[in-house]
Amino acid sequence: MRQMALIELVDISKSFDGELVLDEFNLKIKENEFITLLGPSGCGKTTTLRILGGFETPDTGRVMFQGEDITDLAPNKRQINTVFQKYALFPNMNIAENIAFGLKISGKSKEYIKDKVKYALKLVNLSGYEKRSVDSLSGGQQQRIAIARAIVNEPRVLLLDEPLGALDLKLRQEMQYELIRLKNELGITFLYVTHDQEEALTMSDKVVVMNQGYIQQMGTPEEIYNEPENAFVADFIGDSNIIDGVMMEDRIVKICGCVFPCIDEGFGKKKPVDVVIRPEDIIIGKPGEGILDGVVTSNVFIGVHYEMCIEAGGFEWLAQNTVSYPVGQKVSIRVTPENIQIMNKPQSEDEEALALDE
Amino acid sequence: MKKVLKGIYLALIILFLYLPIFTLMVLSFNEGKTMNAWTGFSFRWYREMFSNRTIMEALGNTLTIAFWAAAAATVVGVMACIGLNAMKEKHRSFFMGLNNIPLLNADIVTGISLMLSFLLFGISLNYGTVLFAHITFCIPYVILSVMPKFRQLENHTFEAALDLGASPAYAFFKVVLPDIMPGIISGFLLSFTMSVDDFVITHFTRGAGINTLSTLVYSQVKVGIRPTLYALSTVIFAAVFVILILVNIISNKREEKRA
Ligand SMILES: Nc1ncnc2c1ncn2[C@@H]1O[C@H](COP(=O)(O)OP(=O)(O)OP(=O)(O)O)[C@@H](O)[C@H]1O
Ligand SMILES: [Mg+2]
């Protein structure tokens, strides 16, 4: 039997004051899955979560939960908890009361609540903060309390809206680890929102890249990173070189006037395409050894490796290498065929959306 | 030198503000009836005041009307704020403008128009009409002091409560109400003061038999004010003074607790 989707968004459209924010949005979330919505600011991520949480009604389309239509169900009747982007802690209650809020409503015993609060605080690294007031906590601490307040209820689905945005790198990594452990331990389905692509790639089972209310690409982190479907995804997921090219025939693409062998087929002959090459896939060698000759124009050490710009064939290539080539040095570049990713050029936004809708 | 000048200036202002009341207080303890001679200390006028039925009735009316008017206006006003808060910006500012008009309106216009409306609908003027009139003019004050609190509500706390399973009513009483409480209290106190203070509107909407303190004083001016009214004024002043101090202490405590 095919695994049934736990949550399904069907043809959701939503506009605010005549401005379309979500356009025929479709998404299926399986039980126990960790799905991340990734996209630039204002692309409709929070709106999607708010529709799922029941705080916004879609103009058209349905929200399904275990096969049942919950589009018009009140938020307090949904087995979904949210970690809000703006924390939304209750300022008139102390930290313990904040975390206990949902447990109290579901009528848990005093002992159970006390244990749970303690456990949740330990989980977010804030043991002993029970009696503190909300105002006395830093932004990052408040954010962690918001997480604790949602997870103590052990909901079927947890919606997290940039829950680690206010944390420093080390704490963020710790919390990422904790969240994943929690998900596996409690069997909660996670819908996670972030605009940090690294976070999306490391944590999720499935990444949904959004832009302007459309899904640009949906897939595993590896698929999204290695085979971006269009220039937007390629550009958004990590640094890359996106270059105009012409597909001469199957397995041959012409970039900057030079012919590169590649492994893509079926684009037709003499067809303009977008070519994506990741900076770490550019192989630097002595002049004449590669396909294109050029000169290094900048070189920055960014930890682990050097990031260099190489002017070659009228294009500024971004390259990463553990070996440093000084500025001004003449070099050559080449790319192995399987690291060249060919994409169709989007004709227009509408067509791009149509292509993605199918 | 500068310090001395500052001190003198402050003393002058305080004198200016409180000398009249102080005069009244002193005179309320005067044995004799005249205003221009001190004939000895006595509680005579206080005794007379407490045994005077008209004064006691007027005092009772004033306090009960002020309390019920403030209470009713607070409930109506808070509910109005909930509605206003849910409105779109454009509509909200329109209705807030509408709310401000009665505040700027001259009391005499409000008073006469209320009286005319009561008479038009065949309602005879009595305690009820005064109370109704007071509720009417208190509501805008409540809205004015509660609305800003609604606007500063912590982002989305109401939604967060719903999200955690609270019913809308539970979420309102547990999460929203505590946050807007300072606004509600000041709205209530403001209404109470406005109601106690009012003469003009009460004058036009009261029936023949009923008096509040302000209308009583007004009617006594014609026959000559007796020092019992000084005593009454002193008691009211002292009461207000104590209440103000209490309110200040309470709100200071709250601040400390939050900090
Ligand atoms: N209540 C609202 N009224 C009007 N416009 C809104 C409302 N909520 C969202 N929008 C608009 O919808 C668009 C998408 O907003 P949304 O909050 O979903 O973005 P987001 O992807 O979460 O962005 P961010 O990463 O900055 O949080 C924005 O252009 C925003 O201005
Ligand atoms: Mg957002």
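Everything that follows concerns the structure shown earlier in this document.
Residues numbered from 1 in each chain as written. Chains lettered and ligands numbered in written order. Predicted model: local features only at pLDDT ≥ 70, side-chain atom pairs only at ≥ 80, totals over all residues. Heavy atoms only, no water.

S.K.: What should I look at first to understand the coordination of the magnesium ion (ligand 2) in this one?
M.R.: In an ideal tetrahedron of four donors about a metal, each angle is 109.5 degrees. In an ideal octahedron of six donors, the angles are 90 or 180 degrees. Residue and element names in this part refer to chain A. Within the protein, the atoms that donate to the magnesium ion (ligand 2) are Thr46 (OG1) and Gln85 (OE1), at distances of 1.8 to 2.4 Å. Of this pair, Thr46 sits in helix 1 (residues 45–53) while Gln85 sits in the loop between strand 6 (80–83) and helix 2 (95–105), and the two are 39 residues apart along the sequence. With relative accessibility at 33%, the residue Gln85 sits in the partly exposed group. (Donors = N, O, S within 2.8 Å, 3.2 Å for Na, K, Ca; no water. Helix = DSSP H or I, 4+ residues; strand = E, 2+ residues; numbered from the N terminus. Buried < 20%, exposed > 50% of the residue type's maximum accessible area, 1.4 Å probe, protein only.)

S.K.: Looking at this model, I keep getting lost on the environment of A:Asn211. Mind explaining?
M.R.: Residues and elements named next belong to chain A. Mapped onto the elements of the fold, Asn211 is located in strand 9 (residues 206–211). Residue classification places Asn211 among the buried residues on the basis of a relative accessible area of 15%. The spatial distance from the C-alpha of Asn211 to the C-alpha of Phe232 is 8.4 Å, given a sequence separation of 21 residues. The contacts of Asn211, once residues within four sequence positions are left out, are Pro40, Cys43, Gln216 and Phe232. (Contact = heavy atoms within 4.5 Å.)

S.K.: What should I look at first to understand the site of ligand 1 in this one?
M.R.: Residues and elements named next belong to chain A. Lining the immediate surroundings of ligand 1 are 14 residues, of which Ser41, Gly42, Lys45, Thr46 and Thr47 lie closest. Ser41 places a polar side-chain atom, nitrogen or oxygen, 2.4 Å from an oxygen atom of ligand 1. Here Lys45 contributes a side-chain N or O atom positioned 2.8 Å from an oxygen atom of ligand 1. Taken by itself ligand 1 offers 640 Å² of open surface, and the protein chains cover 65% of this. Put simply, the parts of the chain that give the shell around ligand 1 at least two residues each are strand 2 (19–30) and helix 1. Counting residues per element, the shell around ligand 1 draws most heavily on helix 1, at 3 residues. Along the lines of polarity and charge, the residues of the shell around ligand 1 split into 3 nonpolar, 7 polar and 4 charged. (Near = heavy atom within 4 Å. Polar contact = N/O pair within 3.5 Å; in protein donor to acceptor, adjacent residues only side chain to side chain. Areas by Shrake-Rupley, 256 points an atom, 1.4 Å probe, with all protein chains shown as cover. Nonpolar A, V, L, I, M, F, W, Y, C, P; charged D, E, K, R; others polar.)

S.K.: Please explain the pairing of strand 19 (residues 330–334) of chain A as it appears in this structure.
M.R.: Two faces make up the sheet, and in a regular strand the side chains alternate between them. Relative to strand 19 of chain A, strand 15 (residues 283–285) of chain A runs antiparallel, the two being bridged by 3 bridges. From the neighbouring strand, A:Gly285 faces strand 19 of chain A, where its bridge partner is A:Ser332. (Pairing = 2+ DSSP bridges.)

S.K.: I would appreciate a short explanation of the interface of chain B and chain A in the present structure.
M.R.: When the parts of a complex come together, some accessible area is lost, and that lost area is often used as the size of the interface. Listed as interface residues are 21 residues of chain B and, on the opposing side, 23 residues of chain A. For the pairing of chain B and chain A, the buried interface totals around 1,900 Å² over both sides, and the portion due to carbon and sulfur atoms is 59%. The tally of links between chain B and chain A comes to 5 residue pairs in polar contact (both at pLDDT 80 or more). At the level of elements, helix 7 (157–163) and helix 8 (168–197) of chain B are the ones that each hand at least two residues to the side of chain B that touches chain A. Of the residues contributing to the side of chain B that touches chain A, the split by class is 9 nonpolar, 5 polar and 7 charged. (Buried area = accessible area lost by both parts, 1.4 Å probe.)

S.K.: Can you help me understand the packing of helix 2 of chain A against helix 3 (residues 110–123) of chain A in this one?
M.R.: Helix-helix packing: each pair is described by the crossing angle between the helix axes and the interaxial distance. Residue and element names in this part refer to chain A. It is the contact of helix 2 with helix 3, at a shortest axis distance of 10 Å, that shows an interaxial angle of 125°. In this view, helix 2 runs oblique relative to helix 3, as classed from their interaxial angle. The two elements helix 2 and helix 3 cross, and the hand of that crossing is right-handed. Touching Ile95, Ala96, Ile99, Ala100, Leu103 and Lys104 of helix 2 are Tyr112, Ile113, Lys116, Val117, Ala120 and Leu121, all from helix 3. Of the residues assigned to the contact of helix 2 with helix 3, the class counts are 10 nonpolar, no polar and 2 charged. (Axes fitted to C-alpha atoms, helices over the stretch in contact; angles between N-to-C directions. Parallel < 35°, antiparallel > 145°, perpendicular 65-115°, else oblique. Left-handed = near helix turned anticlockwise from the far one by under 90°.)

S.K.: Explain the sheet that holds strand 11 (residues 241–249) of chain A here, please?
M.R.: Sheet strands pair by backbone hydrogen bonding; their relative direction is either parallel or antiparallel. Residue and element names in this part refer to chain A. Spatially, the 5 strands line up as an open sheet ordered 13-12-11-14-20, and their pairing is antiparallel. Edge strands, defined here as strands with exactly one partner in the open sheet, are strand 13 (258–261) and strand 20 (341–344). On average, adjacent strands in this sheet sit at an angle of 45° to one another, irrespective of strand direction.

S.K.: I'm lost on the packing of aromatic side chains in this one. Help?
M.R.: Describing an aromatic ring pair means giving the distance of the ring centres and the angle of the ring planes. Enumeration over the complete set of coordinates arrives at 21 aromatic pairs over all chains. Centroid distance A:Phe34 to A:Phe190: 5.2 Å. Interplanar angle 35°. Geometry classified as tilted. Placement of A:Phe34 in strand 3 (residues 34–38) and of A:Phe190 in strand 8 (residues 189–194) is noted, with a sequence separation of 156 residues between them. Per residue, the accessibility class of A:Phe34 equals that of A:Phe190, and both read buried. The interplanar angle of 25° and the centroid separation of 6.0 Å between the aromatic rings of B:Phe237 and B:Phe241 together place this pair among those described as stacked. One end of the pair is B:Phe237 and the other is B:Phe241, both in helix 11 (residues 228–258) and 4 residues apart, which spans about a single turn. Judged by its relative accessible area of 45%, B:Phe241 is partly exposed. Site record: aromatic cluster; members linked through ring pairs are B:Phe29, B:Phe41, B:Phe43 and B:Tyr46. (Phe/Tyr/Trp six-rings, centres within 6.5 Å; stacked < 30°, edge-to-face > 60°.)

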